[in-house]
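# Structural description and commentary
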Amino acid sequence: LGGAGISCGLPAVSGAICRAALAPDGVIEFVTVNGTPPVGVCGSGIIDLVAVWLDLFGENGVLTDACPKREIVGRHVSDSGSFIKNYDNTGLFFDRDDLHGVMLAKAALRASVEYLLEHARLKADELDRVYLAGGFGKGISAISARRIGLLPDSSASVIAPGNLALAGSALALIDGIDPLRDAARKINVVDCSGEETFDRLFIEHLGFADRKKGDSL
């Protein structure tokens, strides 16, 4: 989901499609990093595009025998939504290997979330906030993440605090290391590798939840 292993995948560099959505006129609109012409797709753009295609074609229609490769086309807009250029051909695409890779990565992350919830004896609806740290979390659309099944449907607020490792390092320089050591002692590390419950959850969340266009998220 960070772009690695995807045919047109890129980190969040200039020209990477970082956001996409379906416009009211039915055209896919996309935003690129720094507004430059599209040269690939980064993680947040991958999640958005798959979510849009699911709404347009359903789980079984994103890629088919008749359409084994989905071309990435649409209207290039700026961060503010201003028109830049229409693209009938960007040279970018998603094929079955790409979609399979997204499904595997999504299933692993979602299974980890569900495993932690089960371990804590909580349900998703009981959460008030979900924190998605790092650059990936900062760029991701919570609506798209829920649409493809990366995050469970819930009323929890999704918060992107950014680079917490850097923030923690800054706090250590300002306040000293002792507060971080105290916090570390309270952390319970849960290892889900090799657990039957995790394997069950992984298989359970391999597919995409099929939702008709217009259904609430």
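Structure first, text after, so check above.
Attention here is on the structure that accompanies the text. Keep in mind that what you see is a predicted model, and the values were worked out from it rather than measured. (Residues numbered from 1 in each chain as written. Predicted model: local features only at pLDDT ≥ 70, side-chain atom pairs only at ≥ 80, totals over all residues. Heavy atoms only, no water.)

## With respect to the sheet that holds strand β3 (residues 40-41)
A sheet is described by the order of its strands in space; here 5 strands give the open sequence β3-β1-β2-β5-β6, paired in mixed fashion. Because the sheet does not close on itself, it has two edges, and the strands there are β3 and β6 (83-87). Two strands pair when backbone bridges link them, and strand β2 (residues 28-32) and strand β5 (residues 74-77) are joined in this way by 2 bridges, in the parallel orientation. What sits directly across from glutamate 29, in β5, is arginine 75. Contacting β1 (16-22), β2 and β3, helix α1 (residues 43-57) crosses the sheet at an angle of about 25 degrees to β1. (Pairing = 2+ DSSP bridges. Helix = DSSP H or I, 4+ residues; strand = E, 2+ residues; numbered from the N terminus. Contact = heavy atoms within 4.5 Å. Axes fitted to C-alpha atoms, helices over the stretch in contact; angles between N-to-C directions.)

## A short note on the nonpolar core
By size, the foremost hydrophobic cluster in this structure holds 31 residues, and its most contacted members are Val50, Ile72, Phe94, Val102 and Ile148. Broken down by secondary-structure element, the contributors of at least two residues to this core are β1, β2, α1 and α2 (96-119). Top element by residues in this core is α1. It accounts for 8 residues. Leave out the neighbours within four places in its chain, and valine 102 touches Leu1, Ile6, Ile46, Val50, Phe94 and Phe208. If you look at the next biggest cluster of nonpolar residues, it comprises 6 residues, including Val31, Val33, Cys42 and Val77. (Core = buried A, V, L, I, M, F, W, Y, C linked by side-chain atoms within 4.5 Å. Buried < 20%, exposed > 50% of the residue type's maximum accessible area, 1.4 Å probe, protein only.)

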